[in-house]
Amino acid sequence: RIDERALMVGTAVMDNGTAAVEVLAFVGEACAAFAGLFTGRVRIRGPQFGLLLHEVGVRALPIITVVGTLMGLILAFGAAIQLRQLGVQIFVADLVGISVSQEVGALITAIVLSGRTGAAFAAQLGSMQVNEEVDALTTAGIPPVQFLVLPRMLALILMTPLLTIYADLFGMVGGGLVAVTMLDLSLTTYVTRLIQVVTMTDFVMGLVRASVFGVLIALAGCLRGMQCGRSASAVGLAATSAVVTSIVLTIIADGLLSVIFNVLRL
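Residues numbered from 1 in each chain as written. Predicted model: local features only at pLDDT ≥ 70, side-chain atom pairs only at ≥ 80, totals over all residues. Heavy atoms only, no water.

## So, the overall build of the protein
When helices and strands are counted, the protein shows nine helices and zero strands. In terms of overall dimensions, the protein has C-alpha extents of about 65 × 55 × 35 Å along its principal axes. The buried share among the 266 residues of the protein stands at 41%. Counting only contacts in the protein whose residues sit at least 6 apart along the sequence, the fraction spanning at least 24 positions is 87%. Here the protein carries 14 positive and 15 negative side-chain charges, and the mean point of each set is 4 Å from the other. (Helix = DSSP H or I, 4+ residues; strand = E, 2+ residues; numbered from the N terminus. Buried < 20%, exposed > 50% of the residue type's maximum accessible area, 1.4 Å probe, protein only. Contact = heavy atoms within 4.5 Å. Lys, Arg positive; Asp, Glu negative; His and termini not counted. Charge placed at Lys NZ, Arg CZ, Asp CG, Glu CD.)

Below you can see the structure in the form of structure tokens.
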């Protein structure tokens, strides 16, 4: 039994070591491809990249609109009763504006993109693995990371901060609906208070979070797609793994960034 347990532990260590090496190799190839953009060695096809931007950004606007508005409604509604009892209804603008702009908007956007875009990237690249299209690119001398992974990663990294700003806007709109209908605040009072309490630093903190989340979601989705097996069921597993990995990395990164911002006293 001891030999069997030792064998199992050794096998697990070897598997984890191999997976870590694969992740590092993929991240290295992706970083090299990004560096190639600035040196002119790597080029992205304009039409393909435009379609990716439309898929990642424009087509995500409806769900971001709904989720962002509901996010603001929930934050404001949760505090409405307590604020009314204390007679400080005006502070609903502080609660919604600061929390949405600093953290909640970026986090909710990242979770939506993890389930929508990260899974889609993993499924697309996984299907190419099953159909041996990735092998065909390698045989033709075209690096798969540069041709398939880099445009998808760049599109997601660029669009995540923009979608976060969009989510922040509708989050504040949702909070305003609660402030006007439940707390008897005028729209002018709510907007004026938002302008007073929400600073550019709050938005910058949110955009920094969004940029980091975009990198992590893109890496996780593309990595799981490139690691996909050769069966049809492996595509579904790759998409599921991409979502789980993206969300876990996003939550970890959010906690680390909160600590860093607290240390920097931002």
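From this point, the discussion proceeds with the structure in view.
## Things to note about helix 2 (residues 46–56)
Side chains of residues three or four places apart in an α-helix project in the same direction, reflecting 3.6 residues per turn. Among the residues of helix 2, those classed as buried are Gln 48, Phe 49, Leu 52 and Val 56. For helix 2, the angular spread of buried residues about the axis comes to 95°, placing them on one side. Turned more than 90 degrees off the buried face of helix 2, the exposed positions are Pro 47 and Leu 51. Contact partners of the buried residues in helix 2: helix 4 (92–130) and helix 6 (144–181). (Arc of directions from axis to C-beta.)

## A look at the nonpolar core
Soluble globular proteins tend to pack their nonpolar side chains together in the buried interior. Grouped together as the largest cluster of nonpolar side chains are 45 residues, with contacts concentrated most on Phe 26, Leu 125, Val 149, Met 153, Leu 156, Phe 213 and Cys 222. The set of elements that each furnish at least two residues to this core consists of helix 1 (2–39), helix 2, helix 4, helix 5 (133–139), helix 6, helix 8 (200–226) and helix 9 (232–264). For this core, the element with the highest residue contribution is helix 6, accounting for twelve residues. Contacts of Phe 213, omitting those with residues within four sequence positions, involve Ala 106, Leu 107, Ala 110, Thr 250, Ala 253, Asp 254 and Leu 257. Judged by nonpolar contacts, the second largest core, of 18 residues, contains Ala 79, Val 100, Met 172 and Leu 183. (Core = buried A, V, L, I, M, F, W, Y, C linked by side-chain atoms within 4.5 Å.)

## Focus: helix 7 (residues 187–197)
Along helix 7, the residues classified as buried are Tyr 190, Leu 194 and Val 197. All buried residues of helix 7 project into a common sector of 80° when viewed along the axis, lining one side. In helix 7, the exposed positions angled more than 90 degrees off the buried face are occupied by Thr 188, Ile 195 and Gln 196. Where helix 7 is buried, its residues touch helix 4, helix 6 and helix 8.

## Points about unusual backbone geometry
Its identity as a non-glycine residue notwithstanding, Glu 132 has a phi of 65°, on the positive side. Taking relative accessible area as the criterion, Glu 132 reaches 51% and is therefore assigned exposed. With a phi close to 60°, Asp 184 is a non-glycine residue in the positive phi region. Counting through the fold element by element, Asp 184 comes out in the loop between helix 6 and helix 7.

## Some thoughts on the packing of aromatic side chains
A full pass over the atoms with the stated rule returns one aromatic pair. In this arrangement the basic side chain of Arg 152 is found over the ring face of Phe 121, its NZ or CZ atom lying 6.0 Å from the centre. (Phe/Tyr/Trp six-rings, centres within 6.5 Å; stacked < 30°, edge-to-face > 60°. Lys NZ or Arg CZ within 6 Å of the ring centre and 35° of its normal.)

## Quick look at the side chain of Asp 254
Structurally, the position occupied by Asp 254 is in helix 9. Its relative accessible area of 7% is what places Asp 254 among the buried residues. If we skip the residues at most four places from it in the chain, Asp 254 touches Glu 103, Leu 107, Arg 209 and Phe 213.

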